[in-house]
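Next come the chains, spelled out residue by residue.
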Amino acid sequence: MDSRTKRRLSAAELDALARRALGAGVTASAELTDGFANAVWRLSLDDGREVVLKLAPPPELEQLSYERDLLRMEAAAIGLAAAAGVPVAGLLHAGFDDPVLGGDYLMLAALDGVSWNACKDALPPGSGDDLRRELGRHLARLNGVTGEVFGYPHAGITGATWREAFLAMARALVGDTERYPTPLPRPAGEILAAFEAAAPALDEVTTPRLVHFDIWVGNVFLDLRGTPRIQALIDHERAFWGDPLAEFVTPTIFGELREDDPLLAGYREVTPLELTPAALTRLDLYRAYLSLILLVENGPRQYPEEEYAGLRDAAYSSLAEVLDRLVRASLDTVG
């Protein structure tokens, strides 16, 4: 799915950038078009290396509130994840406010595996559950990384508590619907009221933890030599500091987290996790938040209708269902 936010570089510009960043020229390049916001190329260098360039949209381009300086968050998250033993694509160079490009970029080591999304129908029987359990262990290690503040420090959307930060994140996103008119199942004020009514459940979270928040099969690379295993988790730009429970929303997108999910079993091999009533309320809040992102981001990106329609409809239906559940729960509490 392409979008109008992406920047374009010529072959000469790619070569010059690689020489500045890594001291090697480009012998071949291919643009990777699966990403949503950043422009991405796979580059073959004249010293034999294969690398991936991620280039942020122009800084003057309007984006969602939380998307400010996303690649800076990704660079930090990659380093923290690697130090925690989580497999990632190695960060070779980070260029911020590049004087030539006028923006940010990352150079990453290219992976020789394949995305889970591209091979999921061809995996050996039973390997999907094994991989999901392995993914749970990696996510538990990632979520074990702690920070100093909740929210999106790179975007200036933070809070001293998780409740404060999450409500600030939600308000910023709902505010984006005013800049980018977005079809919503309830008025913006009712959505925020539902979030605020359920917010006491967030007080169980007392330590900011690193959350990827974009783990789906397209962002998990597999090594298929021998028994399939996870090679790397990629695309960390949506990461924030908050509740590890939010990590389960994208791997179960538009669904529920079941107690018999191998993902949960693998997670619990590393750290305890109990799905209490308050935890289930928090999961609903994070599901609603993700659905809002998926609806609002079409504003600045203007996805092709034929590619976006299914995702938009699923996000709209999921948001409506979760909001209904949150409102009913708050009325039951009041009653």
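Scroll up to find the structure.
So, how was this worked out
Counting restarts for each chain, with residues numbered from 1 along the sequence as it is written. Reporting in this predicted model follows two pLDDT cut-offs: at least 70 for local features of residues, and 80 or more for side-chain atom pairs to be given and counted; totals over whole chains, interfaces and linings ignore these cut-offs and use all residues. Calculation of side-chain values draws on the structure's entire complement of heavy atoms; hydrogens and water are dropped beforehand. Two strands make a pair as long as DSSP finds a minimum of two bridges between them. Only DSSP runs of H or I reaching four residues or more are called helices, and only runs of E reaching two or more are called strands; each is numbered from the N terminus. Orientation is described by lines fitted to C-alpha atoms, with helices fitted over the stretch in contact, and by angles between N-to-C directions that extend from 0 to 180 degrees. Contacts: residue pairs with any heavy atoms within 4.5 Å of one another. Relative accessibility thresholds used throughout: buried, under 20% of the residue-type maximum; exposed, over 50%; partly exposed, between the two (1.4 Å probe, protein chains only). Roughly parallel means an angle under 35 degrees; roughly antiparallel, over 145; roughly perpendicular, 65 to 115; everything else is oblique. Handedness of a crossing follows from how the near helix is turned relative to the far one, being left-handed for an anticlockwise turn of less than a right angle and right-handed for a clockwise one. For this classification, Asp, Glu, Lys and Arg are treated as charged, while Ala, Val, Leu, Ile, Met, Phe, Trp, Tyr, Cys and Pro are nonpolar and the rest, including Gly, are polar. Definition used for salt bridges: Asp or Glu carboxyl oxygen within 4 Å of a side-chain nitrogen of Lys or Arg.

A. Inspection of the sheet that holds strand β4 (residues 91-95) at higher detail. One open sheet holds the 5 strands; their spatial order is β1-β2-β3-β5-β4, and the pairing between them is antiparallel. Two strands bound the open sheet, and with one partner strand each, they are β1 (26-32) and β4. Geometrically, the sheet is characterised by an average inter-axis angle of 20° between neighbouring strands, direction not taken into account. Relative to strand β5 (residues 105-109), strand β3 (residues 50-55) runs antiparallel, the two being bridged by 5 bridges. Pairing of Val52 across the sheet is with Leu108, part of β5. The strands touched by helix α1 (residues 11-22) within the sheet are β1, β2 (39-45), β3, β4 and β5, with β5 carrying the most contacts at an inclination of about 75°. Sitting on the sheet, helix α2 (residues 70-83) touches β3, β4 and β5, and the angle it makes with β5 is about 30°.

B. Just the pairing of strand β11 (residues 229-233), in detail. Of all 5 residues in β11, 4 are buried; the element is thus mostly enclosed. As paired strands, strand β10 (residues 220-223) and β11 are joined by 4 bridges and run antiparallel to one another. Of the residues in β11, the one forming a bridge with Asp223 is Arg229. Here β10 hands over to β11 after 5 residues, with Gly226 in that stretch at a positive phi of 80°.

C. Spatial organisation of the environment of Gly218. Examined against the element boundaries, Gly218 turns out to sit in the loop between β9 (209-211) and β10. In this structure the C-alpha to C-alpha distance between Gly218 and Trp241, which are 23 residues apart in sequence, comes to 22 Å. Among all residues touching Gly218, those that are not within four sequence positions of it are Ser115, Asn117 and Ile234.

D. Layout of the sheet that holds β10. A sheet is described by the order of its strands in space; here 3 strands give the open sequence β6-β10-β11, paired in antiparallel fashion. Of all the strands in the sheet, just β6 (114-115) and β11 have a single pairing partner and so form its edges. The sheet contacts of helix α4 (residues 127-143) involve β10 and β11, and relative to β11 the element is tilted by about 40°.

E. Examining the packing of helix α6 (residues 188-198) against helix α8 (residues 277-296) more closely. Contact geometry of α6 with α8 gives a least axis separation of 10 Å together with a crossing angle of 155°. When the axis of α6 is compared with that of α8, the two are roughly antiparallel. As for the relative orientation of α6 and α8, their crossing is left-handed in sense. In this structure, α6 uses Ile191, Phe195 and Ala198 to contact α8, whose residues at the interface are Thr281, Leu285, Ala288, Tyr289 and Leu292. Taken together, the residues of the contact of α6 with α8 sort by class into 7 nonpolar, 1 polar and no charged.

F. Fine view of the pattern of salt bridges. Tallying each qualifying case throughout the model produces 38 salt bridges. The partner of Arg186 in a salt bridge is Asp324, with the nearest N and O atoms 2.8 Å apart. Of this pair, Arg186 sits in the loop between α5 (162-179) and α6 while Asp324 is found in helix α10 (residues 305-334), placing the two residues 138 residues apart along the sequence. Judged by relative accessible area, which is 32%, Asp324 ranks as partly exposed. We note a salt bridge from Arg282 to Glu204, for which the minimum N-O separation is 2.8 Å. In this pair, Arg282 is assigned in helix α8 and Glu204 in the loop between α6 and β9, connecting sequence segments 78 residues apart. Here Arg282 falls in the buried class, since its relative accessible area comes to 8%. A single network of salt bridges, built from pairs that share partners, joins Glu67, Asp214, Arg238, Glu297 and Arg301.

G. Here's a closer look at the packing of α4 against helix α7 (residues 262-270). Direction vectors running N to C along α4 and α7 enclose 45°, while the axes themselves pass 6 Å from each other. On the basis of their axis angle, the class for α4 and α7 is oblique. Read as a crossing pair, α4 and α7 show a hand that is right-handed. Mapping the contact onto sequence places Asp129, Arg132, Arg133, Leu135, Gly136, Arg137, Leu139, Ala140, Arg141 and Asn143 in α4 and Pro262, Leu263, Ala265, Gly266, Tyr267, Glu269 and Val270 in α7. Looking at the contact of α4 with α7 residue by residue, the classes come out as 8 nonpolar, 3 polar and 6 charged.

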